[in-house]
Structure formats: C-alpha cells, structure tokens
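Summary of structural features
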Amino acid sequence: MLIAGLLLGVLSYFISSNHIVFDGVMVFTYLASIGLGGLFWVSVEYVASAVWSTPMRRVFEFISSLIPVLFLLAVPLFFALRAAYEWTRDGIVKTDPALLMKAPYLNVPAFIFRTLFVLAIWSLFYVLIVRNSQRQDFSSDQILTRRNVKLSAAFIPIFGLTITAFSIDWLMSLAPDWYSTIFGVYYFSGTALSSMAAATIFVVTLNEKGYFPVKLTRDHYYNLGGLLFAFANFWAYIAFSQFMLIWYGNLPEETAWIAPRIHGSWLAISVVLFLMHFIVPFFALITRSAKMNPGRLVFISFWILAAHAVDIYWIVMPTYSPDKAVFGLGEVSALLIAAGVIIVTFAIKARGVNLVPIGDPKLKRGLEFHL
Amino acid sequence: MRDDRLYGIAALFDNPDKVLLAAKEVAEGGYKKFDVYTPYPLHGMDNAMKLKQSKVGIVTLISGMIGVVSALLFMWWTNSVDYPLVIGGKPLFALPNYIPITFELGVLFGSVSTVIGLLIIFLNLPRNSHPLHDTNFMKRVSSDKFGICIEAADPLFDANTISNWFRKLGAESIEEIYYRPEYISLRQAIFDPKYIGAIILVALISSGATYFTLNEILFMRPWTSLNEQDKVLPETRSKFYADGFAMRPPVEGTVARGQLPYFFSSNEMKAAESYMVNPLLPTKRVMEIGQRDYNTYCSPCHGYQGNGDSRLRGQFPNPPTLHSDTLRKAPDGHFYQVITDGFMGIMPSYARQISPDERWAIIWYIRALQKSHNVKG
C-alpha cells in the first residue's frame, strides 16, 4: 500500500508538482497528529495514574512511534516549501505589509529550525518514555513508572506549546495573512480524537480476534468509546468557537480564511466535515451499549480517521484551489501513504515487544477494571 | 406492638467483596425486589445485581432536546418575528449567534431535569419516609458496613430461607425490618395543610421582604446620598437666585455653537471686501470640496467653467462670466458676500445651503478656474 502510494505520488508529481506538495503537507500533518496524540495519551495515563488503559498502553506507544518517522516526511517537504507557502516568495512578501511584519518569524530557515526542534523534542520524550516502559517488562521496577510520571508531567505543557507552534507553522501559515488564536487547540482536538480512534481500532480488533494476550472487557471498551465521544464533541466545540467568532466579528483579515470554505463546492465539504466529524460520531456513540459494542467502535474509529483526513484536507487544500474542491491522484496517494506508513510502522515496532506491559505495577488493577 | 408489618430482611456484611458476591447470588436466585446499600459506589455492582440500564438518560435526552428547541424557538420568535431587530448587520435569524445559547439551554434543561428525575425515580419524592429510616441497618451502611435487603413484597420471599442463606454467605448480622403502615400512608406529610401553610407563609414573607427592600428601603436615606445633589432643573423654581428662576438668560454676546452671525448687510459690500480674508489653505481636500459644491450649487447658472453658460436654457437670466477683469481683481470677501447674501436681487442667498467653510472652499475653486482661463504663456 505504501509502495503503491509512493508510485502514485511520483506519477502525480509529473502531472502537477505544486499540487503534490500540498498533499505532502496533508500526509505530514495527518501522521504527525496521530503519532503525537499517541504519546499524549501515554503521558496522560501516567500523569493521571489511570489503570484502565494500562493493559492497552503498548498500542498507544506503537502509534507514537510515528514521531521519528516524521523526520523522513519533513525533509523532502523542506525543499518544496516554495510551492505551498506564500511567505517563502520574496516578491509577495515585499508587497504585503503584514507579511513583511511577520517575516522575522515566518522565514524559511526559522521554519525549518522550529520544525526540527519540535520534532526533536517529541522524539526525545518518545524515546525516554517508551524506553522506560519497555525496560519495565524485564525489571518490573516501580521506579520506572515514577520516572515516566515525571517525564509525562514535563511533556504535557511542552506538548501544548509545541503542537501550537507546529500547527501555526505547517497549517495556519498556508494562509499567512490570516490568524486564529484558537488554531492550536483546534489541531489538538483532531490530534487527540484521531489517535484515540487509531488505538481503538488496534485494541478492539486484536482483542476480538483473540490476539491480545490478556482479555479486555466491555468496561475497557466503554472508556475508549467515551473518550472518542468526548473528543468528537470537543472538536465540534472548538471548531464552532473558531467559526462563530470570525463570522460574528466579520473582519476582513479573519473572514478571508472562512470565505472560500463557505462558497461553492467547499461549502459542501464543510457541511460533510461537520456531519462526519461531529454529528455521526455523536449519535453513533451516545448510548451506553454503543460505547461497548466492538463492531460499532471499530467502524466509528475508521470513520473518525476518515473524518480527520477530511478535516486536514479542508484546512490545507483551499489554499491550493480556493474556488472549487479538487480531488485527484495526489489525494489518493496521500491516503495510501498515510495508511501505509501507519501499518508499516506499527508492524515494525510491534515486532519483538510485548503487546502488554507485563512489568507495570498497575497492570493487575487495570485488568480488573470495572465501571 | 407486633401489628407492625414486615418490610424485609436486611443483612450486613463487613467487606465489599462479600456484598458483591451476595448481590450476585440474590440476583441469580431470581429475586427482583431487593437493594444493596453501601457507603460508597462499588464498581461492578450493576452487573452483579443484573440491573437494567437506567432510564435517567432518556429523561436527560428528551428534556435536553426540549431545551434546545425552546431556545431556538424563543430567539426566532423574539428577534425575527415579534420585534425584528437587526443586530450587528446580521440576518434576522442568525443561527451561529444562537448556537451558544441553544447549547447552554440544552445543557441546563438536561442537567436540571436529570437531578429532578433522579429525585423522583430513585428517591420516590415527594414520599419523605422509608421503612429503613432510623434503623440500625441504615446507620451502619452509611458509615462502615455493606448491606443488602430483600423486601417482603418479593414473590419468592420466605423469612427463614433468606436468613439461613444470608448467614451462609457470611453476613455479620441479620435483621428483620418492621414498619408502621400509617407512617407510609398515602397522605404524605408534604401535603399536610400545616406544612403547605408554612410554605406559603415563608414565600409571602420572603417575597414581601425582597419587594420592600428593593422598592422602599433602597430609596430611603442614607442609601440615596448619590441621588441627592444640589442642582437646578430647567423650567423649575430655585431658591438659589433672588428672582426665583432656575434658568438664567445667557450672558450678553453669547453665540450658540455653529451659529456665528454674519455681520455685513447687503449694502455693506465695501466693508465685506476689506474686512474678510479666506481662512482656508488651498489644500487638495479643500479644492475637492470646493469643486464638488461649485458643481452642485453654482454650475447650473455659472457653468462648469464659470463662463456664465447656464444649463437652464433661458428659464433664468444668464449671469456674467466669472473671468472678467473686475471679478479676477475682486477680493475674496466680494464672493463671500455674494454667496451669503445674493446679488442684485437675481442671485438668491445660498447661506442656508452652503456652510461658511464650504463657501470659502468654493472661492478657492473659483480662483483656480480663473487662473486656468488666463494662463500666461
């Protein structure tokens, strides 16, 4: 799938080289959100001393192994920034006073430095936290849990700052004149939701097929479903907050971003996004029994991953084509590459590592978890 | 004494695992009318007791939806139908504006009705008495023990079997709970006339006190000190002035804002010419205003170029050209006087249409026209 995606990507590069850069940005930010979300949930588990998620923590760790892969994806994009980002072109910057003011922050060397810096910080925490967690399998040493709690407590505020900087650089600066102070939170809401959906797919499928070494109960499923439900609502809350303030204020420098998205075929995409990302998960997961139903959970998790892809598409693509929504070979290859990278990374990481943190002192309580 | 009725058999256990096991056994034994009493919520008790899903969720959903719909209807009716009001240039039915209030009202209705639903469904309000009240059993399960009670109303109920069974399950103490039927009568204490009377009395006193505070006490001294100021109101009497009038005539020579009088009458052209100078500088803005007003007010008769070529096709006598030597040499005050007061009884006064500053701007424009017609090569 990965190879097919890459081939298609190369093919569409020859059709339209600018277009494929936008697709690259989509794949990059999509995978970044899923991988980073995995590490976020791992650290939340440590900080909150949650026990219910301990048996499935490895899955979140595998998902967060996407973080080092991001370097590979970022480097080719560094060479193609001019195709997607207006502020890299001197001619445009010189004629736009707003861009001229932003130039000390928004310039290519600073952008590359920030991206590498942020990725390095994430990778550092990923390596430290996951290494401690995997060592515990052999030593069962409780001090490792305590160390991870401290690391996680340090990571969460850093995560908040870095994900904001990252989303501003890669997504918000696609429309460099525009700004929204809630944008980092908006990206975070998709991050938390999509990584939880990815983990739910793996956990529930493995457990239902009997590949999971321990038996998880419906009560564990309920918590996964509850978090999916909560973050689908959170996304809608944040997305609507952003939209309503811009709509109500009606200031030209803010509406410039919304305007292409509520006209023409982008309006249809916006409506579909709202239905996919909020309405369907809301009603699909609202009842108690739905949150415990494995088939329903896996389906809605795939659905949410698709909705998150539409979300990223909706953020990125209007810059490339403000008049009408475009969907071509590039997008197909983007989807294939994203899915391929997740599966390949997961398969490589899961080899030779216990699927359950057998040395974790919280494991027994986690398995006995009841609502 | 023993005309009391048996309510049920209650057993106390000393740890949560035992009561969980007992609840499971009782539920599997086919009993329906029983309940478990613990000092804190026990995980897994729902499954052990084979409880069905609570109905409170439905209450919450329905009343939340009622909140959503009523909020939308209320805002639509008040702002779009009953008293249409444009706010901030938005449509009369501005849905995005209404979403926050709709959300709030949905949450409010949902949460309040959840609490009310809990009180009614689980606590059986307005019933305010229960056979287990004031029993040793209830005292213990609200501090350190875990209890289970099977009601006598259950079809499978048999006192001896159940007592033996509880003992086997490890109960610490077993108690038969009796109650007096008259305490649990249909006529609840809450409907007692005395109780209702007391409620009405409290309502009257508190609302009366609130009314009195807000409408009377707050308007007494010393709370009104900020309202009472030494001042005079127009068209009233005042002891402050000897003549008793609050209003005073303005000081001699007072000029109202924007009402500067014009000092020269129509036969004082010489004085007007010598005393007045143009106070404006010929900036771009002044010239633009002058051109606009000249084209509006002057050009119909004087022509766009000031040649006296009227557009009125003889309906009104054509004025002379503005480019004559006399007029080119005439001081600015001459034009001002003419615009303000009219000329020779033919040109009317434009004082009401054109403000003083605009008149001076027009004069600058006329000067520009004159220069443009006399370019020295």
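Worth saying up front: this structure is predicted, and the values here are computed from it rather than measured.

Describing the overall build of chain A
From N to C terminus, chain A includes 17 helices and zero strands. When the backbone C-alpha atoms are referred to their principal axes, chain A occupies close to 65 × 40 × 40 Å. Intrachain contacts of chain A at a sequence separation of at least 6 include 82% that bridge at least 24 residues. Surface accessibility of chain A: about 15700 Å² in total, with carbon and sulfur atoms responsible for 72%.

As for the environment of A:His370
Residues and elements named next belong to chain A. On the secondary structure map, His 370 appears in the segment after helix H17 (363-367). Look at His 370 and you get partly exposed, because its relative accessible area is 37%. Once the C-alpha coordinates of His 370 and Thr 217 are considered, the two residues, 153 residues apart in sequence, prove to be 8.5 Å apart.

Considering the packing of helix H11 (residues 218-249) of chain A against helix H13 (residues 265-285) of chain A
In helix packing, the relevant descriptors are the interaxial angle and the interaxial distance, both defined with respect to the helix axes. Residue and element names in this part refer to chain A. It is the contact of H11 with H13, at a shortest axis distance of 9 Å, that shows an interaxial angle of 145°. Note on packing geometry: the crossing formed by H11 with H13 is left-handed. Where H11 abuts H13, its residues Gly 225, Leu 228, Phe 229, Ala 232, Asn 233, Trp 235 and Ala 236 lie against Leu 273, His 277, Phe 278, Pro 281, Phe 282 and Leu 285. For the contact of H11 with H13, a count of residues per class yields ten nonpolar, three polar and no charged.

With respect to the pairing of strand S1 (residues 5-13) of chain B
All names here are of chain B. The buried fraction of S1 is high, at seven of nine residues. Pairing between S1 and strand S4 (residues 173-179): seven bridges, direction antiparallel. Pairing of Ile 9 across the sheet is with Glu 176, part of S4. Sheet topology note: the S1/strand S3 (residues 146-151) ladder contains six bridges and is antiparallel. Residue pairing for S3: Phe 13 is matched across the bridge by Phe 146.

Some details on the interface of chain A and chain B
Contact residues are listed per partner, giving eleven residues for chain A and 14 residues for chain B. Between chain A and chain B, the buried area comes to about 1100 Å², and carbon and sulfur atoms account for 69% of it. At the boundary of chain A with chain B, the tally comes to one salt bridge. The salt bridge involving B:Asp46 is made with A:Arg288; its shortest N-O contact spans 4.0 Å. Put simply, chain A and chain B have one residue pair in polar contact (both at pLDDT 80 or more) between them. At six residues, H11(A) tops the list of elements feeding residues into the side of chain A that touches chain B. Tallied by class, residues from the side of chain A that touches chain B come to eight nonpolar, two polar and one charged.

A look at helix H9 (residues 284-302) of chain B
Residue and element names in this part refer to chain B. Helix length check: H9 (19 residues) gives 23 Å between terminal C-alpha atoms against 27 Å at 1.5 Å per residue, more than 12% under. Maximal helix bending in H9 amounts to about 50°, located at Asn 295. Buried within H9 we find Val 286, Ile 289, Gly 290, Asp 293, Tyr 294, Cys 298, Ser 299, Cys 301 and His 302. Of the surrounding elements, those touching the buried residues of H9 are helix H12 (356-373). Where H9 ends, the next residue or the one after it, Gly 303, has phi of about 85°, a positive value.

Some details on the nonpolar core
If you look at the biggest cluster of nonpolar residues, it comprises 121 residues, and the most contacted ones within it are A:Tyr85, A:Trp122, A:Trp170 and A:Leu228. Here this core takes 17 residues from helix H2 (residues 17-48) of chain A, the largest share from any one element. In this view, A:Trp122 contacts A:Leu36, A:Leu39, A:Ile67, A:Leu70, A:Phe155, A:Thr162, A:Ile163 and A:Phe166; residues no more than four positions away in its chain are not counted. Counting residues in hydrophobic clusters, the runner-up holds 25 residues, among them B:Leu42, B:Phe146, B:Phe166 and B:Ala171.

Some thoughts on the pattern of salt bridges
Residues and elements named next belong to chain A. Applying the stated criterion to the full structure yields 17 salt bridges over all chains. Salt-bridge contacts for Arg 57 lead to Glu 45; the nearest nitrogen and oxygen are separated by 3.5 Å. With Arg 57 in helix H3 (residues 57-64) and Glu 45 in helix H2, the pair connects residues that are twelve residues apart, well separated along the chain. The same class applies to Arg 57 as to Glu 45, namely buried. The partner of Glu 61 in a salt bridge is Arg 58, with the nearest N and O atoms 2.8 Å apart. Residue Glu 61 and its partner Arg 58 are located together in helix H3, separated by three residues, close to a single helical turn. By relative accessible area, Glu 61 is classed as buried at 2%. Within the structure, one salt-bridge network assembled from shared partners comprises Glu 45, Arg 57, Arg 58, Glu 61, Asp 137, Asp 360 and Lys 362.

Some words on the packing of H2(A) against helix H4 (residues 66-78) of chain A
Residue and element names in this part refer to chain A. Interhelical geometry of H2 versus H4 gives an angle of 160° and a closest axis separation of 9 Å. Here H2 lies roughly antiparallel to H4, going by the angle between them. Along this stretch, H2 crosses H4, giving a crossing that reads as left-handed. Contacts between H2 and H4 involve Val 21, Gly 24, Val 25, Val 27, Phe 28, Leu 31, Ala 32, Ile 34, Gly 35, Leu 36 and Leu 39 on the former and, on the latter, Leu 66, Ile 67, Leu 70, Leu 73, Ala 74 and Leu 77. Of the residues in the contact of H2 with H4, the class split is 15 nonpolar, two polar and no charged.

Points about the side chain of A:Arg114
Residues and elements named next belong to chain A. Secondary-structure assignment places Arg 114 in helix H8 (residues 108-139). Looking at Arg 114, the relative accessible area reads 14%, which means it is buried. Ignoring anything within four residues of it in the chain, the contact list for Arg 114 reads Tyr 105, Leu 106 and Asp 169.

Things to note about the side chain of A:Asp96
All names here are of chain A. You can see Asp 96 is positioned in the loop between helix H6 (90-95) and helix H7 (97-102). Summary of buried charges: Asp 96 has no salt-bridge partner, and the nearest side chain of opposite charge, Lys 102, is 8.1 Å away. Separated by 3.0 Å, the side chain of Asp 96 and the backbone nitrogen of Ala 98 make a polar contact.

Overview of the packing of aromatic side chains
Residue and element names in this part refer to chain A. All told, the structure shown has 49 aromatic pairs over all chains when counted by the stated rule. Each ring, one from Phe 159 and one from Phe 188, has its centre 5.8 Å from the other, and the planes form 75°; the classification is edge-to-face. You can see Phe 159 sitting in helix H9 (residues 142-170) and its partner Phe 188 sitting in helix H10 (residues 183-209), a full 29 residues away along the chain. On the basis of relative accessible area, Phe 159 is assigned to the buried category, the value being 3%. Plain terms: the ring middles of Phe 231 and Phe 234 are 5.6 Å apart, the flat faces sit at 70° to each other, and that makes the pair edge-to-face. Of the two residues, Phe 231 and Phe 234 both sit in helix H11, three residues apart, roughly one turn of that helix. Pairwise contacts between aromatic rings join Phe 28, Phe 78, Tyr 85, Trp 87, Phe 111, Trp 122, Phe 166, Trp 170 and Tyr 187 into one cluster. When the ring centre of Trp 314 is taken as reference, the NZ or CZ atom of Arg 261 above it lies at 5.4 Å.

Parameters at a glance
Residue positions are given per chain, counted from 1 along the sequence in the order it is written. For naming, the first written chain is A and the first written ligand is 1, with later ones following in the order written. pLDDT decides what is reported in this predicted model: residues at 70 or higher carry local features, side-chain atom pairs at 80 or more are listed and counted, and totals for whole chains, interfaces and linings draw on all residues regardless. No hydrogens and no water enter the side-chain calculation; it runs on all heavy atoms of the structure. Under the DSSP-based scheme used, a helix requires at least four consecutive residues in state H or I and a strand at least two consecutive residues in state E, with every element numbered from the N terminus. Note on contacts: a residue pair is in contact if any heavy atoms of the two residues lie within 4.5 Å. Note on areas: Shrake-Rupley with a 1.4 Å probe; residue coverage comes only from the protein chains shown. Relative accessibility decides the category of a residue: with a 1.4 Å probe and only protein chains considered, values under 20% of the type maximum give buried, values over 50% give exposed, and everything between is partly exposed. Structural elements are reduced to axes, namely lines fitted to C-alpha atoms, with helices fitted over the stretch in contact, and the angle between N-to-C directions of any two is expressed from 0 to 180 degrees. Handedness of a helix crossing follows the sense of rotation of the near helix relative to the far helix, less than a right angle counterclockwise being left-handed and clockwise being right-handed. Each residue receives one of three labels: charged for Asp, Glu, Lys and Arg, nonpolar for Ala, Val, Leu, Ile, Met, Phe, Trp, Tyr, Cys and Pro, and polar for the others, Gly being one of them. Between any two strands, at least two bridges found by DSSP are needed for them to pair. Two parts placed together each lose some accessible area under a 1.4 Å probe, and the buried area is that loss summed for both. The term salt bridge refers to a side-chain nitrogen of Lys or Arg lying within 4 Å of a carboxyl oxygen of Asp or Glu. Here a polar contact means two N or O atoms within 3.5 Å. Within protein one must be a hydrogen donor candidate and the other an acceptor candidate, and residues neighboring in sequence count only if both atoms are side-chain atoms. The length a helix should cover is 1.5 Å for every residue beyond the first. Fitting axes to the seven residues that end at a residue and to the seven that start at it, the angle between those axes gives the bend at that residue. Throughout, nonpolar core names a set of buried Ala, Val, Leu, Ile, Met, Phe, Trp, Tyr and Cys residues whose side chains join them through atoms within 4.5 Å. In these notes the angle categories are as follows: under 35 degrees is roughly parallel, over 145 is roughly antiparallel, 65 to 115 is roughly perpendicular, and the rest is oblique. Residues scored as positive are Lys and Arg, those scored as negative are Asp and Glu, and His as well as the terminal groups of each chain are ignored. Note on aromatic pairs: the rings of Phe, Tyr and Trp (six-membered ring only in Trp) are paired at centre separations within 6.5 Å, and the planes decide the class, stacked below 30 degrees, edge-to-face beyond 60, tilted for the rest. We call a charge positioned over a ring when the NZ of a Lys or the CZ of an Arg lies within 6 Å of the ring centre and within 35 degrees of the ring normal.

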